[in-house]
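Structure at a glance
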Amino acid sequence: MDSSALMATASAEPRIIRTSLSAEGRQRLFPQATDAEWGDWRWHQRHAVRGLEQLERHVPLTADERAGVQETSSLFRIGISPYYLSLIDPEHPFCPVRMQSIPVRAEARVRPGELEDPLGEDKTRPEECIVHKYPDRVLFLALDTCSVYCRHCTRRRITQGGVAELSKEQMRRGIEYVRRHPEVRDVLISGGDPFLLSEQRLEELLAPLSEIPHVEMIRIGTRVPVVLPMRVTDALASLLRRYAPVFVVTHFNHPKEVTPEAREACERLVDHGVPVENQAVLMRQLNSDARIIKELSHQLLRSRVRPYYLHQMDVAEGCEHLRTPIAKGMEILQQLRGHTTGLAVPHLAVDLPGGGGKVTLQPDYVVERSEKETVFRNFKGERYAYPEPEETDCSCPYDETWRARAQEFGYHRKG
Ligand code: SF4
């Protein structure tokens, strides 16, 4: 058959869209699970794979993975929900879901420059559950457990266990801290994964925090939409909506993770009026390619999730094998900016080792600068001049008046 005949045959054949990846994996790995069990997040928690023997029953491990599980067993726990496990490619060691959930030997090695607390959070931890690093916002650590233990976790000193869910007294002290600090306008609840708390426990945290007059917004950091999407129930979404503005910050790293189930979870939140943003981590040989990041961004936007940050990997212990050179992130950004919708281009951020805070990077588009004009190169490499204005006084004469008016008309009041 010549090539034109082959093409004609290929285009005449209907495209087969197979059932979802997780449905196929579920059938292969958990054929006995009923629909009710598969749809129940607590069933997934109870049946999470947590050790070598269990893991080998589900995935044929490579020698590196087997040794990795053994050598990291005292360093960081394993936990993979049946749902996330169902996405693993049993035949390919570079499957992104596999790389994020199954350790390899390199994870047991600490390289020079790697830190147990890479973001210097423990230096700014006035309460067990509060990290207060930036002036107007705090991190509220609600628990130490996750639905999947990510091999790239940079907060593993907490998620490796031993902290557990906050006691009522610790939670009260954390809330009191926020109340006593009027400069705090933004609380990021994280952990561990706060969506593993029952609705009642979550509400015990959200209700008092949202009543504090100076707390203007709450963010919740979670991987649940990615690794345990059945946890995002109407009850959970409605609870979050009651305490608006609550932003959910999730963590998809590869388009393979944006399954119909994950998409439904994100859309359920958005349908309830809860905005969802994504923070991805750039990882070597997992998503370190502009094509992958672009596809991830497009799939997220289709799921009504905004790609917000692309993080350079933190210098956490045991993660060097997943770290990319800084230049790779810049190169990826350069291949996105101008080549796709601006909303699909995340901020490339580096959280500086030791607690320096986040800085963002972008390719340099300025070619020349003078008092008269700035010359840029655009995404195609063409040069364009932007003329500077003659007047350069940028003070805002209405500002004092506006501040008084805003006070008078209660612009800054909550509700
Ligand atoms: S879900 Fe987040 S906190 Fe938990 S292991 Fe993964 S990266 Fe770490």
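Note that the coordinates shown come from a computational prediction; the quantities given were computed from them, not determined experimentally.

Here we take up the overall build of the protein chain. Counting its regular elements, the protein chain contains 17 helices and twelve strands. Referenced to the eigenvectors of the C-alpha coordinate spread, the extents of the protein chain come out at roughly 70 × 65 × 45 Å. By sequence separation, contacts in the protein chain at least 24 residues apart represent 76% of the contacts at least 6 residues apart.

On to the sheet that holds strand β10 (residues 366-369). Strands sit in the order β10-β11-β12 across an open sheet of three strands; the sheet is antiparallel. The outermost strands of the open sheet, each flanked by one partner alone, are β10 and β12 (383-387). Looking at each pair of strands side by side, their axes are set apart by 20° on average, direction ignored. The pairing of β10 with strand β11 (residues 373-377) spans three bridges and is classified as antiparallel. Paired with Glu-368 across the bridge in β11 is Val-375.

Further remarks concern the packing of helix α11 (residues 199-211) against helix α13 (residues 234-242). Axis separation between α11 and α13 bottoms out at 11 Å; the angle between their running directions is 5°. Judged by the angle between their axes, α11 and α13 are roughly parallel. Two secondary-structure elements touch here, α11 through Glu-199, Leu-202 and Glu-203 and α13 through Ala-235, Leu-236 and Leu-239.

All right, on to the domain arrangement of the protein chain then. You can read the domains of the protein chain as domain 1 (20-105), domain 2 (121-361) and domain 3 (364-415). Taking only C-alpha atoms into account, the centre of domain 1 sits 23 Å from that of domain 2. Each side of the interface is counted separately: domain 1 has 25 residues, and domain 2 has 25 residues. For the side of domain 1 that touches domain 2, the secondary structure elements donating two or more residues are α2 (21-29), α4 (41-46), α7 (82-85) and α8 (96-101).

Here we take up the sheet that holds strand β5 (residues 246-250). With mixed pairing, the nine strands of this open sheet are ordered in space as β1-β2-β3-β4-β5-β6-β7-β8-β9. The sheet terminates laterally at β1 (130-134) and β9 (357-361), the two strands that pair on one side only. Direction aside, neighbouring strands of the sheet carry axes that sit 25° apart on average. For strand β8 (residues 347-352) and β9, the ladder comprises five bridges, and the chain directions are antiparallel.

All right, on to the nonpolar core then. Grouped together as the largest cluster of nonpolar side chains are 87 residues, with contacts concentrated most on Tyr-84, Val-138, Phe-140, Ala-142, Val-187, Leu-209 and Ile-218. Here this core spans two domains, and each of domain 1 (20-105) and domain 2 (121-361) adds at least three residues to it. Apart from residues no more than four positions distant in its own chain, Val-138 is found in contact with Ile-130, Val-131, His-132, Val-178, Val-184 and Val-187.

Here the focus is unusual backbone geometry. Residues Gly-191 and Gly-192 are joined by a peptide bond in cis, for which omega reads 20°. Of note, Gly-192 is situated in the loop between β3 (186-190) and α11. With an omega dihedral of 0°, the bond running from Ala-244 to Pro-245 counts as a cis peptide bond. Of note, Gln-285 is a non-glycine position whose phi angle comes to about 65°, a positive value. Here Gln-285 is to be found in the loop between β6 (276-281) and α15 (290-302). Residue classification places Gln-285 among the exposed positions, given that 12 C-beta atoms sit within 10 Å. Residue Arg-304 is not a glycine yet carries a positive backbone phi of 65°. The topology assignment puts Arg-304 in the loop between α15 and β7 (306-311).

Reading the values: the criteria
- Residues numbered from 1 in each chain as written.
- Predicted model: local features only at pLDDT ≥ 70, side-chain atom pairs only at ≥ 80, totals over all residues.
- Helix = DSSP H or I, 4+ residues; strand = E, 2+ residues; numbered from the N terminus.
- Contact = placed C-beta atoms within 7 Å.
- Pairing = 2+ DSSP bridges.
- Axes fitted to C-alpha atoms, helices over the stretch in contact; angles between N-to-C directions.
- Parallel < 35°, antiparallel > 145°, perpendicular 65-115°, else oblique.
- Domains from an automatic or database assignment.
- Core = buried A, V, L, I, M, F, W, Y, C linked by C-beta atoms within 7 Å.
- Buried ≥ 20, exposed ≤ 12 C-beta atoms within 10 Å, placed from the backbone.

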